[in-house]
Amino acid sequence: GESVGLHLPTLSVQEGDNSIINCAYSNSASDYFIWYKQESGKGPQFIIDIRSNMDKRQGQRVTVLLNKTVKHLSLQIAATQPGDSAVYFCAETEVAGGTSYGKLTFGQGTILTVHP
Amino acid sequence: EAGVVQSPRYKIIEKKQPVAFWCNPISGHNTLYWYLQNLGQGPELLIRYENEEAVDDSQLPKDRFSAERLKGVDSTLKIQPAELGDSAVYLCASSLDHEQFFGPGTRLTVL
């Protein structure tokens, strides 16, 4: 019979390696871009965000790069650890006004597997 | 500090039955969101509340879905009647400013 798979992009790395997860976005009017980590059975967890007027932002072990020319976003994780294994989603939004993000549009996730 | 609380965590119902999900946001968070997440996909916004006001419900299928946040704190999302295609994880999130904090979700299975 026909089988249905997840068809999510996957990235497999060794512990200690650097990981790069890529995302293409569609809305050139988006103001904020956010990366989320989602572990099995849990909701997405905020990692880092970047405003559209920036092209790079660094956090603890993570760096987000934004290329508005080609509408591309990437997440770099330094010294990847087994605990980083999860599905990673990028999201974009136009600021709704006030202090909230408004509607987040999530991209397709990437499954990161870190081998000890 | 407690995170976003959702209940139940799992729900199995037969099609055409009603179902309700409950969300308690992080204390002090004025903005509350309900998302639907299908297997292998990112969450999709159903409705966003600012306090007790639904400010964006454009993606909520209003023929069968309803939501309320009567006192601007807890929220309930209801489906009546449920269809097979409603099987998914229903996520609640809350925010005080830009960062959205997600609950663990309710996994709904419609048989």
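Here the structure is shown first, and the text comes after it.
Residues numbered from 1 in each chain as written. Chains lettered and ligands numbered in written order. Predicted model: local features only at pLDDT ≥ 70, side-chain atom pairs only at ≥ 80, totals over all residues. Heavy atoms only, no water.

(A) A look at the interface of chain B and chain A. In this assembly, 25 residues from chain B lie in contact with 20 residues from chain A. The largest per-residue losses of area from chain B upon contact with chain A belong to G40, H98 and F102 of chain B, which jointly make up 30% of the total buried on that side. On inspection of chain B and its partner chain A, the count reaches zero salt bridges. At the boundary of chain B with chain A, the tally comes to two residue pairs in polar contact (both at pLDDT 80 or more). Of all elements in the fold, only strand 4 (31-37), strand 5 (44-50), strand 9 (88-95) and strand 10 (100-102) of chain B reach the threshold of two or more residues within the side of chain B that touches chain A. Of all the elements, strand 4 of chain B adds the most residues to the side of chain B that touches chain A, at four residues. (Contact = heavy atoms within 4.5 Å. Buried area = accessible area lost by both parts, 1.4 Å probe. Salt bridge = Lys/Arg side-chain N within 4 Å of Asp/Glu carboxyl O. Polar contact = N/O pair within 3.5 Å; in protein donor to acceptor, adjacent residues only side chain to side chain. Helix = DSSP H or I, 4+ residues; strand = E, 2+ residues; numbered from the N terminus.)

(B) Fine view of unusual backbone geometry. In the segment running from S7 of chain B into P8 of chain B, the intervening peptide bond is cis, with an omega of -10°. That bond from Q80 of chain B to P81 of chain B is cis: its omega, -5°, falls within 30 degrees of zero. Relative to the assigned elements, P81 of chain B resides in the loop between strand 8 (75-79) and strand 9. Phi is positive for A79 of chain A, which is not a glycine, with a value near 50°.

(C) Molecular detail of the nonpolar core. Counting residues in hydrophobic clusters, the biggest one holds 22 residues, and the most contacted among them are F21, W34, L46, L77, I79, Y90 and L108 of chain B. Broken down by secondary-structure element, the contributors of at least two residues to this core are strand 3 (19-24), strand 4, strand 5, strand 8, strand 9 and strand 11 (106-110) of chain B. The next biggest cluster of nonpolar side chains, apart from the first, holds 19 residues, and it includes I21, Y25, F33 and L73 of chain A. (Core = buried A, V, L, I, M, F, W, Y, C linked by side-chain atoms within 4.5 Å. Buried < 20%, exposed > 50% of the residue type's maximum accessible area, 1.4 Å probe, protein only.)

(D) Here's a closer look at the sheet that holds strand 7 (residues 65-68) of chain B. Residues and elements named next belong to chain B. Read from one edge to the other, the open sheet built from four strands follows the order 1-3-8-7, with strand pairing classed as antiparallel. Each edge of the open sheet is held by one strand with a lone partner, namely strand 1 (5-7) and strand 7. Across the sheet, the axes of successive neighbouring strands diverge by a mean angle of 15°, strand direction being ignored. Taken together, the three bridges between strand 1 and strand 3 define a ladder with antiparallel strand orientation. Of the residues in strand 3, the one forming a bridge with Q6 is C23. (Pairing = 2+ DSSP bridges. Axes fitted to C-alpha atoms, helices over the stretch in contact; angles between N-to-C directions.)

(E) The pattern of salt bridges, seen in detail. Residue and element names in this part refer to chain B. Applying the stated criterion across every chain yields a total of seven salt bridges over all chains. Ionic pairing is found between R64 and E83, a salt bridge with its closest N-O pair at 3.3 Å. On the criterion of sequence distance, the pair formed by R64 in the loop between strand 6 (53-56) and strand 7 and E83 in the loop between strand 8 and strand 9 is long-range, its members being 19 residues apart. Judged by its relative accessible area of 40%, E83 falls in the partly exposed class.

(F) Layout of the state of the cysteines. Residues and elements named next belong to chain B. All told, the structure shown has two disulfides over all chains when counted by the stated rule. Across the disulfide from C23 sits C92; the S-S distance is 1.9 Å. Of note, the bridge from C23 to C92 carries an S-S torsion of about -70° and is left-handed in sense. One end of the pair, C23, is in strand 3; the other, C92, is in strand 9, with 69 residues separating them in the sequence. (Disulfide = S-S within 2.5 Å.)

(G) Main features of the pairing of strand 7 of chain B. Residue and element names in this part refer to chain B. Bridge count for strand 7 against strand 8 is four bridges, and the pairing is antiparallel. Of the residues in strand 8, the one forming a bridge with A67 is L77. In this structure, the hairpin formed by strand 7 and strand 8 is closed by a connection of six residues, where G72 is found at a positive phi of approximately 75°.

Worth remembering: the numbers are spatial, not functional.
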